[in-house]
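One letter stands for each residue in the lines below.
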Amino acid sequence: MAIDLPIIVLTHEFAPTKGGIATFTEEMARAGSELGKQIEIWAPACQSNDDSIFPFRIRRVPIKGTQDLSCQFRMALECFRERRRLSNSIVYITDPGPILSLRMLLPLKLIQPSKLALTLHGSEIKTFSSNPLSRLSVRHVLKRAN
C-alpha cells in the first residue's frame, strides 16, 4: 500500500494578501484538502489574519512576502531547518519566490524533498531566462522537479 505523503506548499503570497497567486494557492490547497490530503502552507507572516478559517494548516514564516534577498534567505533558512520534514513530504511551490529560495539548497543537496512540484504562471519563465546567472541557478530547481 502506498504511503500518502503530506504536502507542504511554499509560497511568498497568501491571505490576507489578495492576488492571483494567493488565490491559486488557496484553491489548490482547498482542493487537496477536500481529497483528504494532509496540506500545510508555509506563507508570509502577517498580523491580521484568522488562519483557523482554512481547512488546512498554515505555518507563518518570518518573511514579508516579497521576492527580495531577505525573503529568499529566510525561506531557505526555514527549509533548511525543517529539512527532515521536507524529505518526507511532497513540496509544492506555487510562485517564484520559493524557487529562488531553493536554488542553492537543492543543488548542494542541503534539502531533498521526497517529491518536488512547481507551478510556473508564465511571466517567471521570461524573468528566469533573461539573466544568465538566474537561468543557471534556477535550472537546478527545474531539473529536480517531478
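Whatever comes next refers back to the structure up there.
Worth saying up front: this structure is predicted, and the values here are computed from it rather than measured. (Residues numbered from 1 in each chain as written. Predicted model: local features only at pLDDT ≥ 70, side-chain atom pairs only at ≥ 80, totals over all residues. Heavy atoms only, no water.)

S.K.: Before we go on, may I ask you to explain the pattern of salt bridges in this structure?
M.R.: Two side chains bearing opposite charge may form a pair once their charged atoms approach each other closely. Summed over the entire model, instances satisfying the criterion amount to ten salt bridges. Residues Glu 78 and Arg 59 are paired through a salt bridge, measuring 2.7 Å at the closest nitrogen-oxygen approach. Remark: Arg 59 occurs in strand β3 (residues 57-61) and Glu 78 occurs in helix α2 (residues 69-81); sequence separation between them is 19 residues. With respect to burial, Glu 78 and Arg 59 carry one shared label: buried. Note that Arg 81 and Glu 78 form a salt bridge whose closest N and O atoms lie 3.1 Å from each other. Here Glu 78 and Arg 81 lie together in helix α2, a separation of three residues that amounts to about one turn. (Salt bridge = Lys/Arg side-chain N within 4 Å of Asp/Glu carboxyl O. Helix = DSSP H or I, 4+ residues; strand = E, 2+ residues; numbered from the N terminus. Buried < 20%, exposed > 50% of the residue type's maximum accessible area, 1.4 Å probe, protein only.)

S.K.: Help me out: how do you make sense of the side chain of Arg 103 in this one?
M.R.: Inspection of the secondary structure assignment puts Arg 103 in the loop between α4 (96-102) and β5 (115-118). There is no salt bridge for the buried Arg 103, and the closest opposite charge comes from Asp 68, which lies 10 Å off by N-O distance. A distance of 3.1 Å separates a polar atom in the side chain of Arg 103 from a polar atom in the side chain of Gln 72. Ignoring anything within four residues of it in the chain, the contact list for Arg 103 reads Gln 72, Ser 134, Ser 137 and Val 141. (Lys, Arg positive; Asp, Glu negative; His and termini not counted. Polar contact = N/O pair within 3.5 Å; in protein donor to acceptor, adjacent residues only side chain to side chain. Contact = heavy atoms within 4.5 Å.)

S.K.: Would you explain helix α6 (residues 132-144) in this entry?
M.R.: What sets the pattern is the α-helix's 3.6 residues per turn: residues three or four places apart point alike. Its 13 residues give α6 an end-to-end C-alpha distance of 19 Å, which sits within 8% of 18 Å, the value for a rise of 1.5 Å per residue. On the buried face of α6, the contacting elements are α4, β5 and α5 (123-130). (Expected span 1.5 Å × (residues − 1).)

S.K.: Help me understand the packing of aromatic side chains in this model?
M.R.: Working definition: an aromatic ring pair is given by the centre-to-centre distance plus the angle between the planes. As enumerated under the stated definition, the model contains three aromatic pairs in all. Centroid distance Phe 14 to Phe 54: 5.2 Å. Interplanar angle 50 degrees. Geometry classified as tilted. In this pair, Phe 14 sits in the loop between β1 (7-10) and α1 (20-34) while Phe 54 sits in the loop between β2 (39-44) and β3, placing the two residues 40 residues apart along the sequence. Since its relative accessible area comes to 8%, Phe 54 is described here as buried. Across from the ring centre of Phe 80, 4.1 Å away, lies the NZ or CZ of Arg 83, which sits over that ring. (Phe/Tyr/Trp six-rings, centres within 6.5 Å; stacked < 30°, edge-to-face > 60°. Lys NZ or Arg CZ within 6 Å of the ring centre and 35° of its normal.)

S.K.: Help me out: how do you make sense of unusual backbone geometry in this one?
M.R.: Glycine aside, residues mostly have negative phi angles, and peptide bonds mostly take the trans form. The omega torsion across Ala 15 and Pro 16 is 10 degrees, close enough to zero to call that bond cis. Despite not being glycine, Lys 109 shows a phi value in the positive range, around 60 degrees. On the secondary structure map, Lys 109 appears in the loop between α4 and β5.

S.K.: What exactly am I supposed to notice about the packing of α5 against α6 here?
M.R.: A pair of packed helices can be characterised by two numbers: the angle between their axes and the separation between those axes. Across the interface, α5 lies against α6 with an axial gap of 5 Å and an inter-helix angle of 115 degrees. Comparing their axes, α6 and α5 come out roughly perpendicular. Across the interface between the two elements, Thr 127, Phe 128, Ser 129 and Ser 130 from α5 touch Pro 132, Ser 134, Arg 135 and Val 138 from α6. Tallied by class, residues from the contact of α5 with α6 come to three nonpolar, four polar and one charged. (Axes fitted to C-alpha atoms, helices over the stretch in contact; angles between N-to-C directions. Parallel < 35°, antiparallel > 145°, perpendicular 65-115°, else oblique. Nonpolar A, V, L, I, M, F, W, Y, C, P; charged D, E, K, R; others polar.)

Function cannot be read off these values alone, since they describe shape.
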